[in-house]
Amino acid sequence: MLSISFITLSSCNNDDPEPPTASDPFKDLTLIGETSAVGAGAIVRIYADEDLFVGYNNIHVAVYDSADHNVQLTDAHINFMPMMDMGMMQHACPVENPSTTVESGTKAFKGAVVFIMPSTAGSWTLGVHVHNHANGQEGMASLPVNVIAPTEAKLISFESDVDSTKLFVTRITPTSPTVGINDIQFGIYKRETMMSFPAVDGYTMNMVPEMPSMGHGSPNNVDPVSNGNGKYDGKVNFTMTGYWKLNLDFYTAGGDTIKTGQYFDVTFQ
């Protein structure tokens, strides 16, 4: 009887499944840093899709209870307040503040920051204002961040030929171009003051891709059109891998020339 009991027990133990391993919902993101939102009773962890760069950066903010870091808060209001300190002057940059609805996988608040210069020009700090709805308190988290200049620029700037407004244009997608038709999106923002960079809607854009080394362009491109919140959506056809030049001209809704001869470099293999 003892032998039978032992065999039965061993068999049950061998058949027991191993406990599941919890997957990290942030494993595909880059942790930028963690700090306290003083006054809000919260800890914020800031993630991005990759290291921060000059251009349009998706920012994911995970908020935790400062009394229990294992409790993630999903009822809050988040505002971004980036600041560049250049010594003699300070300025902000364009932002897209997150909605109050968190992402389904990470339970983080997703927004965007459009950094307009690299950290070699000064010191960037990413401020995150948190209104913690769980306790009704508010506070500010502030984190020094490093912003690099990508090998191929993802942001261009120029003054409008119409009214001399300083404009910033960022290429948002595609982040990984492929051969064929790609959805393409640009963001356009203006410098209203050194602390205000609102999105600009209602412009028209002409986009002509060319492959200088081969002396040809491509067919079936769709000029980006304004879709609100400063976003302009179109389609670009990359017919082969290599270096492409995206030539861009900008006009007002009335047809006045804002700026011509602008471009982005795009290289992929």
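For the structure, see preceding data.
Structure report, in brief. Chains are numbered independently. Their residues run from 1 in the order of the written sequence. With pLDDT at 70 or above as the cut-off, local features in this predicted model cover only qualifying residues; side-chain atom pairs require 80 or more to be listed or tallied, and sums for whole chains, interfaces and linings still use all residues. For the side-chain quantities, the full set of heavy atoms in the structure was used; hydrogens and water were omitted.

Using a 1 Å grid laid over the protein atoms alone, points where a 1.4 Å probe fits but cannot get out form a cavity; open sets with protein on both sides within 12 Å along at least 5 of 7 lines form a pocket; any residue with an atom within 4 Å of a point counts as lining. Grid points are joined across faces, edges and corners, and a volume is the space filled by probe spheres set on the points. The calculated volume of the largest pocket comes to roughly 340 Å³. For the largest pocket, the lining is made up of 20 residues, of which Glu50, Lys154, Ile172, Pro174 and Thr175 are closest to its centre. Helix numbering and strand numbering both begin at the N terminus, where a helix is a DSSP run of H or I of at least 4 residues and a strand a DSSP run of E of at least 2. Contributing elements (two or more residues each) for the lining of the largest pocket: β3 (55–65), β12 (166–173) and β18 (257–268). Taken as a whole, the second largest pocket spans an internal volume of roughly 240 Å³. For the second largest pocket, the lining is made up of 15 residues, of which Cys93, Pro94, Val95, Met195 and Phe197 are closest to its centre. Put simply, the parts of the chain that give the lining of the second largest pocket at least two residues each are β5 (76–85) and β7 (95–96). Here the lining of the second largest pocket takes three residues from β5, the largest share from any one element. Throughout this entry, Asp, Glu, Lys and Arg are counted as charged residues, while Ala, Val, Leu, Ile, Met, Phe, Trp, Tyr, Cys and Pro are counted as nonpolar. The remaining residues, Gly among them, count as polar. A class-by-class count of the residues in the lining of the second largest pocket yields 12 nonpolar, two polar and one charged.

The rule is short: rings of Phe, Tyr and Trp, with Trp giving its six-membered ring, pair when the centres are within 6.5 Å, and they are stacked under 30 degrees, edge-to-face over 60, tilted in between. Evaluated as defined, the whole model comprises seven aromatic pairs. Where Phe26 meets Tyr47, the ring centres are 4.2 Å apart and the plane angle is 10°; that geometry is what we call stacked. Residue Phe26 is located in the loop between α1 (2–15) and β1 (30–37), and its partner Tyr47 is located in strand β2 (residues 42–48); the two are separated by 21 residues in the primary sequence. The two residues Phe26 and Tyr47 agree in class, both being buried. When the ring of Phe158 is compared with that of Phe250, the centres are 5.4 Å apart and the planes differ by 40°; the resulting orientation is tilted. Here Phe158, found in strand β11 (residues 155–159), pairs with Phe250, found in strand β17 (residues 242–251); they are 92 residues apart in sequence, far enough to count as distant. Three or more aromatic residues joined by ring pairs make a cluster, and in this case those are Phe238, Trp244 and Phe268. One residue, Arg45, lies across the ring of Tyr64, its end atom 4.2 Å from the ring centre. Lys245 extends its terminal NZ or CZ atom over the ring of Tyr263, reaching a point 4.4 Å from the ring centre. Only protein chains enter the accessibility calculation, which uses a 1.4 Å probe; a residue is then buried when its area is under 20% of its type maximum, exposed when over 50%, and partly exposed in between. We call a charge positioned over a ring when the NZ of a Lys or the CZ of an Arg lies within 6 Å of the ring centre and within 35 degrees of the ring normal.

The linkage connecting Thr173 with the following residue, Pro174, adopts the cis geometry, with an omega of 0°. Structurally, the position occupied by Pro174 is in the loop between β12 and β13 (180–190). Residue Ser164 is not a glycine yet carries a positive backbone phi of 65°. For Ser164, the position within the fold is in the loop between β11 and β12. With a phi angle near 60°, Asn229 is a residue other than glycine that sits in the positive phi range. Its place among the elements puts Asn229 in the loop between β15 (222–226) and β16 (231–238). In this structure Asn229 comes out as partly exposed when scored by relative accessible area, which is 47%.

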